[in-house]
Amino acid sequence: MRTRWSRIASRIGVVVTLTAALGTAACSGSGQSDELLIYSAQHESLTKEWIEAFTEETGIPVTYRQGGDTEMGNQLVAEGDASPADVFLTENSPAMAAVERADLFADITPEIADQVPEQYRPSSGKWTGVAARATVFAYNTDMLTPEQLPASMLDLQRPEWQGRWGAPPAKADFQAIVAALLQLEGPEVTERWLDGMKTNAEIYDNNITTLRAVNSGEVAGGVIYHYYWFRDQAETEEISGNTELHYFRNEDPGAFVSISGGGVLASSDKQDQAQQFLQFVTSEAGQDILRTGTSFEYPVASGVAANPALVPLAELQAPAVDPSTLDAQAVSDMMTKDGLL
Ligand SMILES: [Fe+2]
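Naming follows an unreviewed UniProt entry, where the protein chain appears as Fe(3+)-binding periplasmic protein of Mycolicibacterium vanbaalenii. Comment text from UniProt for the protein chain, heading Sequence similarities (unreviewed entry), reads "Belongs to the bacterial solute-binding protein 1 family."

Participant: Quick question: what am I supposed to make of the UniProt feature "binding site: Fe cation" (unreviewed entry) in the protein chain here?
Facilitator: Per the UniProt record, the feature "binding site: Fe cation" (unreviewed entry) sits at His43, Glu91, Tyr227 and Tyr228. A compact arrangement is adopted by the annotated residues: their sequence extent is 186 residues, whereas the largest C-alpha distance between any two is 13.3 Å. Note on placement: Glu91 falls in the loop between strand S4 (87-89) and helix H5 (93-101). Taking the relative accessible area as the measure of exposure, Glu91 reaches 13% and is therefore buried. Setting aside anything within four residues of it in sequence, one finds Glu91 in contact with Ala41, Gln42, His43, Asp69, Arg133, Asp173, Tyr227, Tyr228, Ser258, Ile259 and Ser260. You can see Tyr228 is positioned in helix H9 (residues 226-234). Those residues in contact with Tyr228 that sit more than four places away from it in its chain are His43, Glu91, Asp173, Asn207, Ile208 and Leu211.

Participant: Teacher, can you tell me more about the pairing of strand S2 (residues 36-40) here?
Facilitator: The two faces of a sheet get side chains in turn, since along a regular strand they alternate between them. S2 sits mainly inside the fold: 5 of its 5 residues count as buried. Neither face of S2 is open: one carries Leu36, Ile38 and Ser40, the other Leu37 and Tyr39, and all of them are buried. In this sheet, S4 lies alongside S2 in parallel orientation, the contact comprising 3 bridges. Each residue of the ladder has a partner; that of Tyr39, found in S4, is Phe88.

Participant: For this particular structure, what's the right way to read the nonpolar core?
Facilitator: Side chains of a nonpolar character, in soluble globular proteins, are inclined to be buried together. Phe88, Phe137, Trp165, Phe174, Trp193 and Met197 are the most contacted members of the largest nonpolar core, which totals 73 residues. Take this core: its biggest share by element is 12 residues, from helix H7 (residues 172-200). Residues in contact with Met197, not counting those within four places in the same chain, are Trp165, Ala167, Pro169, Phe174, Ile203 and Leu340. By size, the runner-up hydrophobic cluster in this structure holds 25 residues, among which are Leu46, Ile60, Ile112 and Val281.

Participant: Even after reading the chapter, I still don't get a negative patch on the surface, so can you show me in this structure?
Facilitator: Residues Glu49, Glu52, Glu56 and Glu57 make up a contiguous surface patch of negative charge. Relative to the helices and strands, Glu49 is located in helix H3 (residues 44-58).

Participant: Explain the coordination of the iron ion to me, please; I cannot follow it from the model alone.
Facilitator: Octahedral metal centres with six donors ideally show angles of 90 or 180 degrees, and tetrahedral centres with four donors ideally show 109.5 degrees. Protein coordination at the iron ion: the donors are His43 (NE2), Glu91 (OE), Tyr227 (OH) and Tyr228 (OH), at 2.0 to 2.3 Å from the metal. Expressed as a motif, the donor residue spacing for the iron ion is H-x47-E-x135-Y-Y. Of this pair, His43 sits in the loop between S2 and H3 while Tyr228 sits in helix H9, and the two are 185 residues apart along the sequence.

Participant: What am I meant to see in the packing of aromatic side chains here?
Facilitator: In this description, a pair of aromatic rings is defined by centroid distance and the angle of the planes. Per the stated rule, a full pass over the model turns up 10 aromatic pairs. Ring plane angle 25° and centroid distance 6.3 Å describe the contact between Phe174 and Trp193, whose orientation is recorded as stacked. Judged by its relative accessible area of 0%, Trp193 is buried. Arranged with centres 4.9 Å apart and planes meeting at 80°, the rings of Trp229 and Phe230 form a pair that is edge-to-face. A single burial state applies to Trp229 and to Phe230, both of which are buried. Members of the aromatic cluster, each reached through a chain of ring pairs, are Phe54, Phe277 and Phe280. Above the face of the Trp161 ring, Arg164 is positioned so that its terminal group lies 5.1 Å from the ring centre. When the ring centre of Tyr228 is taken as origin, the NZ or CZ atom of Arg231, which lies over that ring, is 5.5 Å away.

Participant: How should the domain arrangement of the protein chain be read in this particular structure?
Facilitator: When the parts of a complex come together, some accessible area is lost, and that lost area is often taken as the interface size. Taken domain by domain, the protein chain holds domain 1 (2-132 + 258-312) and domain 2 (133-256 + 328-338). Computed from C-alpha atoms alone, the centre-to-centre distance between domain 1 and domain 2 is 27 Å. Summed over both sides, the interface between domain 1 and domain 2 buries roughly 1400 Å², with carbon and sulfur atoms accounting for 56% of that surface. Taken as a group, Pro94, Ser258 and Phe296 account for 33% of the area that domain 1 buries against domain 2, more than any other trio of residues on that side. Our count for the contact surface shared by domain 1 and domain 2 stands at 2 salt bridges. A salt bridge links Arg133 to Glu91; the nearest nitrogen and oxygen atoms lie 2.7 Å apart. The interface formed by domain 1 and domain 2 contains 12 residue pairs in polar contact (both at pLDDT 80 or more). Those elements that place two or more of their residues in the side of domain 1 that touches domain 2 are helix H4 (69-79) and strand S10 (257-264). Of the residues in the side of domain 1 that touches domain 2, the class split is 7 nonpolar, 8 polar and 3 charged.

Definitions and cut-offs
- Residues numbered from 1 in each chain as written.
- Predicted model: local features only at pLDDT ≥ 70, side-chain atom pairs only at ≥ 80, totals over all residues.
- Heavy atoms only, no water.
- UniProt positions renumbered as here; feature names shortened; annotations may be inferred.
- Helix = DSSP H or I, 4+ residues; strand = E, 2+ residues; numbered from the N terminus.
- Buried < 20%, exposed > 50% of the residue type's maximum accessible area, 1.4 Å probe, protein only.
- Contact = heavy atoms within 4.5 Å.
- Pairing = 2+ DSSP bridges.
- Core = buried A, V, L, I, M, F, W, Y, C linked by side-chain atoms within 4.5 Å.
- Patch = residues over 30% accessible without salt bridge, like charges linked within 9 Å, V, L, I, M, F, W, Y side chains within 5 Å.
- Areas by Shrake-Rupley, 256 points an atom, 1.4 Å probe, with all protein chains shown as cover.
- Salt bridge = Lys/Arg side-chain N within 4 Å of Asp/Glu carboxyl O.
- Lys, Arg positive; Asp, Glu negative; His and termini not counted.
- Charge placed at Lys NZ, Arg CZ, Asp CG, Glu CD.
- Donors = N, O, S within 2.8 Å, 3.2 Å for Na, K, Ca; no water.
- Phe/Tyr/Trp six-rings, centres within 6.5 Å; stacked < 30°, edge-to-face > 60°.
- Lys NZ or Arg CZ within 6 Å of the ring centre and 35° of its normal.
- Domains from an automatic or database assignment.
- Buried area = accessible area lost by both parts, 1.4 Å probe.
- Polar contact = N/O pair within 3.5 Å; in protein donor to acceptor, adjacent residues only side chain to side chain.
- Nonpolar A, V, L, I, M, F, W, Y, C, P; charged D, E, K, R; others polar.

The structure is reproduced here in structure tokens:
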């Protein structure tokens, strides 16, 4: 146990302080204890943009610890009421659900709930969506015509897809997609699909290496999140120039839209500031960072539209999923049994 936790701790990295830019906060003599501490599993660049804008608006200094969804969620559960964290931010819902199951979150305020439509936050009121990402099938346009694309993500278990698609099963991103499949279709369908994946799919480390393999023609297609493709398109097209995106739509499990979460730890002694942070992230100003920035993730609150390069969220025909009960642990157990992990 000790070894495992020290390994996790070493991967989490250093605490970063973002108060230097703020003369007022620095002059008021704010010490370590005045700082809001965020455990962040969101992309670091996005978390930093939110923190800087929040501190500029409120004068409240913020620090963060960076890690992955699963490791940060596990750390919060292990720390329990003794956690120094005030806020938890994730890429996907399952880590939020795990912390919620451990009963470690305070309720979000009605002001925050008012800013976020019901489909982008759990009905429990224990946390809120702060952004969203869409599941896509990136495909190599030299290898597949639009007519040859799978109608459903479940088709990828069929023999004709053997050796022709890839995915990153160890990543929390992909496990969230399979957790949605499990919730929507149950364990039998999910286990069968994972068996098919074991037979058919090439395994990659992450979304980027998967997209790179699709682009180079190593595989014809890959299941990833949309924003990795849009980021590369906006930059060099180095890993996406030979590819296009296929959206499964039709409420298919492959049309799953994953909600990135934000929650306030009940053990925090800075409830007011922590709630203010989530209120800012879900406000028009906070969501506008998603619309105009380089994250290419979807805004979910305060009526802010998506970056115009993206297919609007409302057109993706995503299946209805309860984010509070997405179970990544069950998925990871199934994947381990199947030899995918
Ligand atoms: Fe990501």
